[in-house]
Amino acid sequence: MILHAWARRPVFAIAMAGLFLCASGTGPVRAGELQGEAGTAEAAKAPPPAPRPSNSTADHSKFEALRGPFANGSEVTKACLTCHNEAGHQFQKSVHWTWEYKNEKTGQTLGKRNLVNNFCTNARGNEGMCAMCHAGYNWTSANFDFSKQENIDCVVCHEQTGTYYKTPTTKGNAACSIMFEGLKPIDWPKVAQSVGRPERANCGTCHFNGGGGDGVKHGDLDSSLTNPPRELDVHMSKELNFACTKCHLSKKHIIAGSRYDMNAHDTEGTGKPGLRRDVATCESCHGTAPHPKNQLVGFKLNGHVAKVACQTCHIPALARGGVATIVDWDWREAGKTKDGAGFSEETYVQGNGEHRHTYRSIKGAFTYGETAPEKGRELLPYYAWFDGQMRYTTIDTAFDPSKQPVPINSFQGSYEDPKSRIWPFKRMHTVQPYDKGNNTFVYMHLWGEDKDAYWGNYDFGRAIEVGMKENSRPYSGQYGFVETYSYWPTTHMVAPKEKALACHECHAKNGRLAALAGFYMPGRDHFEWLDWAGYLLIAATFVGVILHAMLRGLALCYRKEQKHD
Amino acid sequence: MTDDSIGGLIDPKHPRFLKRDVMIYSYYERFWHWSQAALIFTLFFSGLGLHGTHGLLDFRTAVKVHTVAAIALVVLWIFTTFWNFTTGQWKQYLFKKGIWPVIRFYAWGILCSEPHPYKKSLQRKQNALQSLAYMSFMVLVGPALWSTGVVYLLYDFWSHYPWAGEALTYTAFVHTAAAFIMAAFVIIHIYMTTTGKTAFHYVRTMITGYDSIELSEVEEAYIQETKTVPMKPSQVIK
């Protein structure tokens, strides 16, 4: 079974209800409601946010062009572009469209179109499934025409009915396609007329489900943020009710805050009003000295800003919203069958009560992590000095398999580097296939109707051979498994300030930053021999004065006795 | 002269010495001593907490306490330095001759009930060993502590320099080392207070300010007349 869990979409609800919860007859519901039925998480109980009042100067429901009828999404897009005649050109430059990012600083060509990851491993060659999260239509294979503006999907980001959904662009194997059948047809005019600025639910459609399911990838982005309580996220809860775009500002459809090129230490701060549209840093709103300057502790904390990312203290743990994240994935376990058919197991019950896959024949075995105090679970971030620059082990990069885990992405940073700060990460560990002869990663052919697709035949050899060949990559013909790490900078799920990390969480001998080397940290670090010498000096002084006092006492007694004589 | 009985008795050629209870430690001096003592204890205790020696204070509390106490102590020292120079009391800390007899006394003589080789007077409150100890406290251990402490406190103003990591390490090292030496000093200092006529004699002196000092008649008359220093009424029966 393939499932991209669609957090707020009927397809998600139906698939979840029909395939995982084994309930029957469940109609289309929103993700929040589904969680409410299944679990007890706070996030699920919170009332849904009131629809944001529109400040738009146009009521899209009154536009002639949006009356329809529309046969498909492309026709809606054409209608949008009759007025928004620059939007297409703008969007064609966006990574949401190109799935490609050229990093000028490292010279690396990144993006989903190219990269290997340590979840489902590669979107390339599996567009029939993966392009369900492409903001476009009809990307079925490597031959997608990026110049055709009618292929842009405007509504996935802008529609506000919550009834819109996307399905895989190709059919896939029968076992997979079944869950996308029988869906209620999309009411295109209604969807088109509802458009507005993107809400959390729009972005969350894909970004909450990265890695193949709710919360799988990030550990700080999952469906609990659709409608979070203040405890989970101070900015997105109903009090402030930030849309993602409040921080991820856009300019001509280019959205700030890509993890491909981060600013780990923003020294500019708020900038002049309205000027900064290229950053999504905390500092761009809170400034570079956000704690009370007239208090001792506030002053000290403002000093920390130079070396410690805001996220390090203000996001005290990962996956706090009742939705777990996958921390370990073992592809070696994939391909087991029962009576000749693939199967899955759901032995993990996450914070909100939902059952999660711990095994799937098509993907392997999963280990989850989350912070759910009532279940005694805690998932702490991995902390490291980070200069904002990710370097990727791409499909072209040969690595040394004797040095495992191989980093999918790596970064540098140090105490000395002014661009670096201590950041929290979700660190993902995976055992995944690689080309044993060339020591590179591989593109696997996972999705397809053909006999070579792994999600159907469970044969790594054929899936890799075809995946490499179709994408013109050299393949030695021998595959093995390699351990990998990927690092996901943590930046969402900002806790209320009273829940921020206490000083002693780090300023302690075995605190959270125990592993970070190269600098002296009070409370954590010691000069061992100096401590020994110091305590010894104090002890010796004590012994010295006690001995002296005893001698004085003895001498006095001696004199008294003499006097008596 | 209002009291001619004194004036008439003084014979400069044959000076007589009288024991009188004189306030040898002024109000300010005692305030300085005890507030410094309290601050140093506070600093040592909270410092050990920051260092991780004990876990009796939450790190945040320890930082607050340590910083406030440190700033208070620096202010106290600045003020006291001013006081020491304006009153001329700084001379008390100058090196004096006769340190060996004092060392010998504490090592040996004290055990044999020998008299202290040093005579306290108004102008010479401290013996040679005390002067040396306090002087080294004030010019070596003290400055090592407060200078590194101030540098430590202002870390946030220089943390952006590339050498900051190394500098912080050295600063912490010197600060910690000086704190240990200070601790040893304080232990000995407290022990030494028990070596007076009685175990609490010196402590009482430091609290009340009064000690029995041998005064020449001229000094006695001068103090009585000018009241430069408080002096208790004479116990001697006329």
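Refer to the structure presented above.
S.K.: Looking at this model, I keep getting lost on the overall build of chain B. Mind explaining?
M.R.: Secondary structure summary: chain B contains nine helices and two strands in total. Going from N to C terminus, chain B has its helices and strands arranged as α-β-α-α-α-α-α-α-α-β-α. When each of the 238 residues of chain B is scored for burial, the buried share is 42%. Long-range contacts, defined here as pairs at least 24 residues apart, represent 72% of the contacts in chain B between residues at least 6 apart. For chain B, the accessible area works out to roughly 13,700 Å², and carbon and sulfur atoms hold 71% of it.

S.K.: Sorry if this is basic, but what is going on with the nonpolar core here?
M.R.: Note on soluble globular proteins: their nonpolar side chains tend to be buried together. Residues and elements named next belong to chain A. Within the largest apolar cluster, 39 residues are counted, with the highest numbers of intra-cluster contacts made by Trp329, Trp331, Phe441, Tyr454 and Trp455. Secondary-structure elements contributing two or more residues to this core are β5 (325-330), β10 (364-369), β15 (421-435), α15 (454-457), α16 (460-470) and β17 (479-489). Counting residues in hydrophobic clusters, the runner-up holds 27 residues, among them Tyr137, Ile152, Tyr164 and Trp188.

S.K.: Could you clarify how one ought to interpret the environment of histidine 51 of chain B in this entry?
M.R.: Tracing the sequence through the fold places histidine 51 of chain B in helix α2 (residues 27-51). Looking at histidine 51 of chain B, the relative accessible area reads 9%, which means it is buried. On a C-alpha basis, the gap between histidine 51 of chain B and alanine 62 of chain B in space is 9.9 Å, while along the polypeptide they are 11 residues apart. In this structure, histidine 51 of chain B is in contact with His526, Asp531 and Tyr535 of chain A together with Thr176 of chain B, ignoring residues within four places of it in sequence. Here the side chain of histidine 51 of chain B touches aspartate 531 of chain A through a polar contact of 2.8 Å, side chain to side chain.

S.K.: Looking at this structure, how should I read the state of the cysteines?
M.R.: Note on terminology: disulfide describes a covalent bond linking the sulfur atoms of two cysteines. All names here are of chain A. This structure, assessed with the given rule, holds one disulfide over all chains. The disulfide partner of cysteine 133 is cysteine 206, and the S-S distance across this bridge is 2.3 Å. On the sign convention where negative is left-handed, the bridge of cysteine 133 and cysteine 206, at about -115 degrees about the S-S bond, is left-handed. Of this pair, cysteine 133 sits in the loop between α7 (127-130) and α8 (155-158) while cysteine 206 sits in helix α11 (residues 200-207); the two residues are 73 residues apart in sequence, bridging distant segments of the chain. In this structure cysteine 282 is a free cysteine whose sulfur lies 4.0 Å from that of cysteine 310, the closest cysteine sulfur available. Its relative accessible area of 25% is what places cysteine 282 among the partly exposed residues. You can see cysteine 285 has no disulfide; the closest cysteine sulfur is in cysteine 247, sitting 5.8 Å from it.

S.K.: Looking at this structure, how should I read the packing of helix α13 (residues 296-304) of chain A against helix α3 (residues 59-87) of chain B?
M.R.: The interhelical angle for the contact between α13 of chain A and α3 of chain B, taken along N-to-C directions, is 110 degrees, at an axis separation of 10 Å. Put simply, α13 of chain A runs roughly perpendicular to α3 of chain B. Contacts from Leu296, Val297 and Lys300 of chain A in α13 of chain A reach Arg60, Val63, Lys64, Thr67 and Val68 of chain B in α3 of chain B. For the contact of α13 of chain A with α3 of chain B, the class distribution of residues is four nonpolar, one polar and three charged.

S.K.: So what exactly am I meant to see when it comes to the environment of alanine 38 of chain B here?
M.R.: Residue and element names in this part refer to chain B. You can see alanine 38 is positioned in helix α2. The class of alanine 38 is partly exposed, set by a relative accessible area of 43%. The spacing of alanine 38 and leucine 73 is 35 residues in sequence and 9.7 Å in space, taken between C-alpha atoms.

S.K.: Looking at this structure, I do not really get α13 of chain A. What am I missing?
M.R.: Since the α-helix advances by 3.6 residues per turn, residues separated by three or four positions end up pointing in the same direction. Turning to α13 of chain A, its buried residues number three or more, namely Val297, Gly298, Asn302 and Gly303 of chain A. Where α13 of chain A is buried, its residues contact α3 and α6 (155-158) of chain B.

S.K.: How should I be thinking about the pattern of salt bridges in this particular structure?
M.R.: Pairing of side chains with opposite charge becomes possible as their charged atoms draw close. Residue and element names in this part refer to chain A. All chains considered together, the criterion is met by 17 salt bridges over all chains. Residue arginine 52 pairs with glutamate 199 through a salt bridge whose shortest N-O separation is 2.7 Å. One end of the pair, arginine 52, is in the loop between α3 (42-45) and α4 (73-83); the other, glutamate 199, is in the loop between α10 (188-193) and α11, and 147 residues separate them in sequence. Judged by relative accessible area, arginine 52 falls into the partly exposed class, the value being 38%. The partner of arginine 524 in a salt bridge is aspartate 525, with the nearest N and O atoms 2.9 Å apart.

S.K.: Please explain the interface of chain B and chain A as it appears in this structure.
M.R.: Size of an interface, as often reported, equals the accessible area lost when the parts are brought together. Tallying the contact residues gives 41 residues for chain B and 35 residues for chain A. Both faces considered, chain B and chain A share a buried interface measuring about 3,500 Å² in area, 68% of it formed by carbon and sulfur atoms. The three residues of chain B that bury the most area against chain A are Phe59, Phe180 and Tyr191 of chain B, which together make up 19% of that side's buried surface. Summed over the shared surface of chain B and chain A, the result is one salt bridge. A salt bridge links lysine 300 of chain A to aspartate 156 of chain B; the nearest nitrogen and oxygen atoms lie 3.3 Å apart. If you look at where chain B meets chain A, you find 13 residue pairs in polar contact (both at pLDDT 80 or more). Broken down by element, the residue count for the side of chain B that touches chain A peaks at 15 residues, all from helix α7 (residues 164-192) of chain B. Residues belonging to the side of chain B that touches chain A are distributed by class as follows: 26 nonpolar, 11 polar and four charged.

S.K.: Explanation requested: the pairing of β17 of chain A in the structure shown.
M.R.: If a strand is regular, its side chains alternate between the two faces of the sheet. All names here are of chain A. With respect to burial, β17 is a largely interior element, eight of its 11 residues being buried. Judged from the two bridges that link them, strand β13 (residues 406-407) and β17 form a sheet pairing that is parallel. Among the inter-strand pairings, proline 407 is bridged to a residue of β17, identified as tyrosine 485.

The rules behind these values
- Counting of residues starts from 1 at the beginning of each chain's written sequence and follows it residue by residue.
- The lettering of chains begins at A and the numbering of ligands begins at 1, in the order of writing.
- Owing to the predicted nature of the model, reporting of local features is limited to residues with pLDDT of at least 70; listing and counting of side-chain atom pairs is limited to 80 or more, with chain, interface and lining totals taken over all residues.
- Computation of side-chain values: all heavy atoms of the structure, hydrogens and water removed.
- Helix numbers and strand numbers start at the N terminus; a helix is a DSSP run of H or I with at least 4 residues, a strand a run of E with at least 2.
- Three labels apply to residues, based on accessible area from a 1.4 Å probe with only protein chains included: buried if under 20% of the type maximum, exposed if over 50%, partly exposed otherwise in between.
- By definition in these notes, contact holds between two residues if any of their heavy atoms fall within 4.5 Å.
- For the area figures, the Shrake-Rupley method with a 1.4 Å probe applies, and any residue is considered shielded solely by the protein chains shown.
- What makes a nonpolar core is a set of buried Ala, Val, Leu, Ile, Met, Phe, Trp, Tyr and Cys residues whose side-chain atoms join them at distances within 4.5 Å.
- We define a polar contact as two N or O atoms separated by no more than 3.5 Å, with the added condition that, inside protein, one atom must be a possible hydrogen donor and the other a possible acceptor, whereas residues neighbouring each other in sequence contribute only through side-chain atom pairs.
- The term disulfide is used for any two cysteine sulfur atoms that are within 2.5 Å.
- Only the contacting stretch of a helix is used when fitting its axis, a line to C-alpha atoms as for every element, and angles between N-to-C directions run 0 to 180 degrees.
- In this scheme, roughly parallel covers angles under 35 degrees and roughly antiparallel covers those over 145, while 65 to 115 is roughly perpendicular and the rest are oblique.
- In this count, Pro and Cys sit with the nonpolar residues alongside Ala, Val, Leu, Ile, Met, Phe, Trp and Tyr, while Asp, Glu, Lys and Arg are called charged and the others, Gly among them, polar.
- Salt bridges are counted wherever a side-chain nitrogen of Lys or Arg sits within 4 Å of a carboxyl oxygen of Asp or Glu.
- Put simply, buried area is how much 1.4 Å-probe accessible surface two parts lose in total, over both of them, once they are put together.
- Strand pairing is defined by DSSP finding a minimum of two bridges between the two strands.

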